[in-house]
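Summary of structural features
Given next are the chains, with one letter for each unit.
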Amino acid sequence: MRPFAYERPETIDQALSMLSADGDATRPLAGGTDLLTLIKGEIVEPDLLVDIKRLDGLSDRIEPGPDGTRIGALVTLTQLETDPHIMQTYGALAQAAGKAATPQLRNMATIGGNVLQRPRCWYYRESEIPCWLKGGDTCPARDGQNAYHAIFDESPCVAVHPSDSAAALIALGATVHLRGSDGDRSLPLAELMSPPTEDRRRETTLRPGELITGYTLPPTYGKSVYLKAMDRKAWAFALVGVAAHVTVANGAISDVRLVLGGVANVPRRATAAENLLRGKSPSDDLFRQAAEVALEGATPLKHNAYKIDLTRALIQRALSQATA
Amino acid sequence: MTTPDKAPASPRVPVTLRVNGSDHHLLVEPRHTLLDTLREDLRLTGTKKVCDMGNCGACTVHQDGHSVYSCLTLAVEANGSEVRTVEGLADAGELDPVQEAFIRADAFQCGFCTPGQLMSLRALLDARPDPTDEEIAKAVTGNLCRCGAYHNIMKAGRLAAEIQAERRATGNGPTAGMEAAE
Amino acid sequence: MTATMDISLDEDGKLQLEEHEGVGAWPKDRRFTSVGQGAHRLEGLEKVTGKAQYTYDVRLPGQLEARVLRSPHPHARILSIDTSAAEALPGVHAVLHHGNTEPIEWYNGSFVFDPTLRMVGDEVAAVAADSGDIAEDAIRLIRVEYEVLPHVTYFEDALRPDAPHVREGGNLTDEPTVYDRGDADAALQRAHVVVDRKFTTQCAIHNSLEPHGSTASWDGDDLTLWSSTQSVFTIREQVAEALGTSEHRVRVIKHHMGGGFGAKQVAWKNDVIAPLLAKRTGRPVQLMLDREAESLAAGNRPATWQHVRFGADRDGKLVAVWADIHIDAGAYQVGGEASNVSGMYQSLYKCDNVHTEARNIYTNTGPAVAFRAPGHVEAAWAIEQTMDELARKLGLDPVEFRRRNYSEVDQLEGKPYSLPEGLSLSYDKVTEAFGWNTEGRERGAGSKRRGLGFAAHDWIAGSGSPPAYAWAKLNPDGGLDIITGTQDIGTGTRTGLGQIGAEELGIDLADVSVQLGDTALGPYSPVSSGSSTLASIGPAVRGAVNDVREQLLRLAATKMEVAADRLTIADGRISVADGGGESLSIAEVMADVAPANLMGKGVRGPNPDDVAIRTFGAQCVEVEVDTDTGEVTVLRVATAHDIGRIVNPTLVDSQIWGGITQGVGFALHEERVVDDRLGRILNANLEEYHVPTIVDIPEMTHAHVGVPDTRANITGAKGVGEPPLIPTAPAIANAIYDAVGIRVENAPISRQRMLTLLREQTTTTNGNGVTA
């Protein structure tokens, strides 16, 4: 790794003042499971890492309450995977966290950093290749080795978001809480995560120097599941991940959120499919139709048409399990 | 991408690590990983470097009781932590149950992944003294073995739980007469 | 009686080995006490405590760390190189490159530091510094100006007329290797059924967990080199030659190694660069490859393309075997064991008409090198799927079809096999252990479809061969030191040799130590490759221990006043065979020579020239295919191999589990991915190069064949390292065909490939799941 300095401030305000100083040259360090690989790969080159793991004011707790459950940014994936309340109430999140990476990485990785991971695209991760996401002119994956890439074309980049948990959080209606030197703001996680644009070549609308402080999951009466397909049985990023959150009342689907991972720059909410499902009684036939609707507009690349079939299968299974 | 002319080296900072029960006061560059600190500065080469990117598990150690990849942990981050490595498993010459089980179940060939596997299973048995097969497998999904000793690592996981239970039942004494003294 | 051997050259200059009064095979009725026991590994304690010293763990006073700058281009010439900033960096001790280093010839016509670069990863410069961090900083400060040359990435493209040349003379490494027996083309015309298919296998990376690497230390003109290698003596010879010094000035040590799998049987550039840096700096230098370099520039299992045409007659007799084979050599030919893809086509099944033709093709990618059962794994993928398809076309059970084409002789040399029933016994044992029953098999339900698959193999090198030597020292206290120049690459060589020594003398394994992996301490032993180590060195160990045993018995005979030939040794005691009750411990006899010890010498005798020695085997596999998600799950594997006497069943099983596990990875998800426009490997890491994890492995059963091959060598043992991997991938592919009716021609059977094939099947057969 290139040299950098390191600070461990005491309070969140001290951290924010360090982080706001000079954009990308200063980076917050929590679990480090993504940041250190980016530094080792010479994809990012910070001058200063600000350790936020033991900050006063940044929570590592899961706190159920009447208005929902608050999850601190420093909560680890292991906590999410094993917390009885999360397992029982927000099954998709426990499953997504548990299917991510490995026990060691889940012990290290925090849910704050998890949604801010950069893509694992092998062109992006190779420092010698000037891909569009790193400021280059074109995306070499579009006409290259793109078996792991997006089937929905949402930006000049075709990398997919690596997080399993983000898809589950969005399906569960998570609100993300942010703090910057200008103050606090909260917004739906689905709005924070957004395909990169010409002027913002990253996958979130996080402002410079801003930290995720936590999430709130609204109360739910539904059931949620997360399904993940990998190239081997464990420890791989999702080829496709599907999070489904369904509430059934009086034999009909009263509420549903369906989120697809591994198919686009960020987890993709299948709104049209949700609209189709809402108000209808669950059936295999309905789920099949929903899967077709969810995949409308997909434009697979040379090597990833298989993701269409895979996504279709996982959507049907996820909906079936979430309504069982 | 790369800006090669950037000034190398940044000032070293003091770090205190408690490794296998001994305190070490070190001066390290912030970029120095816990793995390099163990292997280079403390000469504890039992912990292995394989991928250095969090993709293999050979560098697994315990930090404050949790299994972590020491290649993705900076030494400065671990400042003040209690670190346990494979060298800290055996207690006064008596092998840890996971070590004894690995020998008896022939759970390694080349042995390069073994320290990491042992630390993962030790973390499991600390939390779940009577694990299911599924829990054993899950505990070491983050430890690649290229020789393919997995079949016997499963066996060793079961055996280690048995040895640990036996020892606890008999008041921590050595049980199976393992060749620790050989 | 001692075993000795003369080495001489015959009139053709071929090495001739003549054995005198060698030790004979163990008698059938011998009651073994150590051989055949599942002893724990002798190095187990070191390995579980983290004390085992690997090359990567060598820490010498003043040791420097080295890093290598590698070519970012698949084909380029270095126009200029400026290392001034790197050299000026505090903590940097030396920077080597082609401009400041004497040219040292390396693989085919290139140099250790070559101004022409033929692949991404080729060595441009090397730095030695106080720490790895500083060496990496220095690497980033080196300025290189390259002239980028046209490159070719895929071997499928490299023979096109307009393809760029990797080196002068075109992209074929040699003339095609052609073999003919009978007339395969004519036989295909007459055949009742023909299968004509094109198969491909992928480039796979060894990914030994310990990378290639060396630690070098000079003491005057004497070099000590710790190398992560499968052959300390090969390294010594190659390094001495490269450095222009004498072999006796070079000592190569390898105590423990974190995996090799074939890729560490020759010297690599690190074995020369580390000594050069150490010489230049006057300090010990450690140069270990990082994971990326390990994937780029340290060998791989070459990709192949195999056009196969097999024909059979109405009775299920194979009448023609025809194969056109292309192999991706990469940018260099690095030597070592050849990747002989043609071999199994010529030998595994009885067939009078065989034609094989093989071409090795240069590309601007990492070089191929032997990888566990080189050539055979690749060939088995095509041969065994073709045999499966032929059996189906003939309406025969795949095992029965293979039995009808059984050869008891090596068809290339016309010699009978040393154990002609070896393959047949493997068929019997494996089908019984698995419960092979294609009629009553479980078919699965819904989208989860199950199928059974079968595949067989042969292997050429498990018999071992001379020359190989061992020494034995019997100590005054009755303990035994066995010393050889072989190395334990993780297979359990120490333990197996120790058991053979304990058996030969009649003592407990606990009283034996085995010293190996050091050219300065032990006599010559060959490379640990080809699954040959135990069968090569085991006989030499027997000879050496037998030598001290004879000396010991002579001493005892004098002391006990009986004829030496009436004495036996068991449990460390010498007694009169035909009673009398008198016995002495070995230590009591040795008291007369203390503190001296008895010294024995053993040599590996020649292999018999009237038989051909092979290792055969077969595997049965059950898989489940999820037709909706393309997920393939290997449920169970049974395997049987004609490996002769099993010296240690525990260690043999470990080899077998490991081989099958690698086979599952090769079959389902391991594949080097290269971008042909950039000539870059995209998954030169363990993140996207997917080796199996613990949850990827099937339930496994090893059915022992259990017949010592006493014609092969005096231990009756043959190697098991490579065989179990050979049939796994085609057996899985055959099981997939059985499950869903899809013939997967291209390995690996990834999700992408399986789903694509399932989709094609649905569109061509209206989804009834079975093709014509």
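Residues numbered from 1 in each chain as written. Chains lettered and ligands numbered in written order. Predicted model: local features only at pLDDT ≥ 70, side-chain atom pairs only at ≥ 80, totals over all residues.

Our focus in this paragraph is the overall build of chain A. Each helix and strand in chain A was counted, giving 12 helices and 12 strands. Taken over the C-alpha trace, chain A has a radius of gyration of 19 Å; the compact-globule value for 324 residues is 20 Å, and the two agree within 12%. With the C-alpha coordinates aligned to their principal axes, the bounding extent of chain A is approximately 60 × 50 × 35 Å. Taken over 324 residues, chain A has a buried fraction of 58%. Long-range contacts, defined as pairs at least 24 residues apart, comprise 65% of the intrachain contacts of chain A with a sequence gap of at least 6. (Helix = DSSP H or I, 4+ residues; strand = E, 2+ residues; numbered from the N terminus. Rg over C-alpha atoms; globule rule 2.2 N^0.38 Å. Buried ≥ 20, exposed ≤ 12 C-beta atoms within 10 Å, placed from the backbone. Contact = placed C-beta atoms within 7 Å.)

Residues and elements named next belong to chain B. At their nearest, the axes of helix H2 (residues 97-104) and helix H5 (residues 150-169) sit 8 Å apart, and the two run at 130° to each other. Comparing their axes, H5 and H2 come out oblique. The chirality of how H2 crosses H5 is right-handed. Mapping the contact onto sequence places Pro 97, Val 98, Glu 100, Ala 101, Phe 102 and Arg 104 in H2 and Ala 156, Leu 159, Ala 160, Ile 163, Gln 164 and Arg 167 in H5. (Axes fitted to C-alpha atoms, helices over the stretch in contact; angles between N-to-C directions. Parallel < 35°, antiparallel > 145°, perpendicular 65-115°, else oblique. Left-handed = near helix turned anticlockwise from the far one by under 90°.)

For the rest of this paragraph, the subject is the interface of chain B and chain C. Residue-level contacts link 50 residues of chain B with 48 residues of chain C. When residues of the side of chain B that touches chain C are traced back to their parent elements, those giving at least two are H2, helix H3 (114-127) and H5 of chain B. Grouping the amino acids of the side of chain B that touches chain C by side-chain chemistry returns 26 nonpolar, 12 polar and 12 charged. (Nonpolar A, V, L, I, M, F, W, Y, C, P; charged D, E, K, R; others polar.)

As a further point, take the sheet that holds strand S26 (residues 573-576) of chain C. Residue and element names in this part refer to chain C. Taken in spatial order, the three strands of this open sheet run S25-S26-S27, and their pairing is antiparallel. Two strands lie at the open edges of the sheet, namely strand S25 (567-570) and strand S27 (583-585), each paired on one side alone. With strand direction ignored, the average angle separating the axes of adjacent strands in the sheet is 25°. Of the strands in this sheet, S25, S26 and S27 are in contact with helix H14 (residues 533-560), which crosses S25 at around 120°. (Pairing = 2+ DSSP bridges.)

This paragraph deals with helix H12 (residues 422-434) of chain C. All names here are of chain C. Relative to the 18 Å expected for 13 residues at 1.5 Å per residue, H12 spans 18 Å between its end C-alpha atoms, a close match to the ideal helical length. Residues of H12 that are buried: Gly 422, Leu 423, Leu 425, Ser 426, Tyr 427, Lys 429, Val 430 and Phe 434. Where H12 is buried, its residues meet helix H11 (398-403), strand S21 (448-459), strand S29 (615-626) and strand S30 (632-641). (Expected span 1.5 Å × (residues − 1).)

Quick look at the interface of chain A and chain B now. Taken residue by residue, the interface counts 26 residues in chain A and 29 residues in chain B. Counting residues per element, the ones that place at least two in the side of chain A that touches chain B are strand S1 (5-7), helix H2 (35-40), strand S3 (48-51) and helix H6 (103-108) of chain A. Tallying contributions element by element places H6 of chain A first for the side of chain A that touches chain B, with five residues. A class-by-class count of the residues in the side of chain A that touches chain B yields 13 nonpolar, seven polar and six charged.

So, on to the packing of H2 of chain B against H3 of chain B. Axis angle and axis distance: for two packed helices, these are the angle between their axes and the distance between the axes, and together they describe the pair. Residues and elements named next belong to chain B. At their nearest, the axes of H2 and H3 sit 9 Å apart, and the two run at 130° to each other. Classified by the angle their axes make, H2 and H3 are oblique. Where H2 crosses over H3, the handedness of that crossing is right-handed. Contacts between H2 and H3 involve Val 98, Gln 99 and Phe 102 on the former and, on the latter, Thr 114, Leu 118, Leu 121, Arg 122 and Leu 125.

Tracing the sequence through the fold places Arg 167 of chain B in helix H5. As for Arg 167 of chain B and Ala 92 of chain B, which are separated by 75 residues in sequence, their C-alpha atoms are 15 Å apart.

So, about the sheet that holds strand S28 (residues 598-603) of chain C. Residues and elements named next belong to chain C. The strand order S24-S23-S22-S28 describes an open sheet built from four strands, whose pairing is mixed. Whereas interior strands pair on both sides, the edge strands pair on one side only; in this sheet they are strand S24 (512-515) and S28. Each neighbouring strand pair of the sheet contributes to a mean axis angle of 20°, computed without reference to strand direction. Here strand S22 (residues 469-474) pairs with S28 via six bridges, running antiparallel. Looking across to S28, one finds that Lys 473 is bridged to Met 599.

With that settled, the discussion passes to the pairing of strand S2 (residues 26-29) of chain A. All names here are of chain A. Judged from the four bridges that link them, S2 and S3 form a sheet pairing that is parallel. From the neighbouring strand, Arg 27 faces S3, where its bridge partner is Leu 49. The handedness of the S2 to S3 crossover, carried by H2, is right-handed. (Right-handed = clockwise from strand over helix to strand, strands pointing away.)

Below, the discussion takes up unusual backbone geometry. Among all residues except glycine, the phi angle is most often negative; among peptide bonds, the trans geometry is most common. Following Pro 466 of chain C, the chain continues to Pro 467 of chain C via a peptide bond in cis, the omega torsion being -5°. For Pro 467 of chain C, the position within the fold is in the loop between S21 and S22. Put simply, Ala 594 of chain C and Pro 595 of chain C share a cis peptide bond, and its omega is 0°. Summarising the element assignment, Pro 595 of chain C is placed in the loop between helix H15 (586-590) and S28. Phi angles above zero are rare outside glycine, and Ala 101 of chain A is one such case at about 50°. Residue placement: Ala 101 of chain A occurs in the loop between helix H5 (91-99) and H6. Residue classification places Ala 101 of chain A among the buried residues on the basis of 26 C-beta atoms within 10 Å.

We now examine the confidence of the model for chain C. All names here are of chain C. Mean pLDDT over chain C stands at 95; residues scoring 70 or higher make up 96%. Counting contacts from residues 767-772, a segment whose pLDDT is below 50, to residues more than four positions away or on other chains yields seven contacts. Both confidence scores are given for the complex: pTM 0.96, ipTM 0.97. (pLDDT = per-residue confidence, 0-100.)

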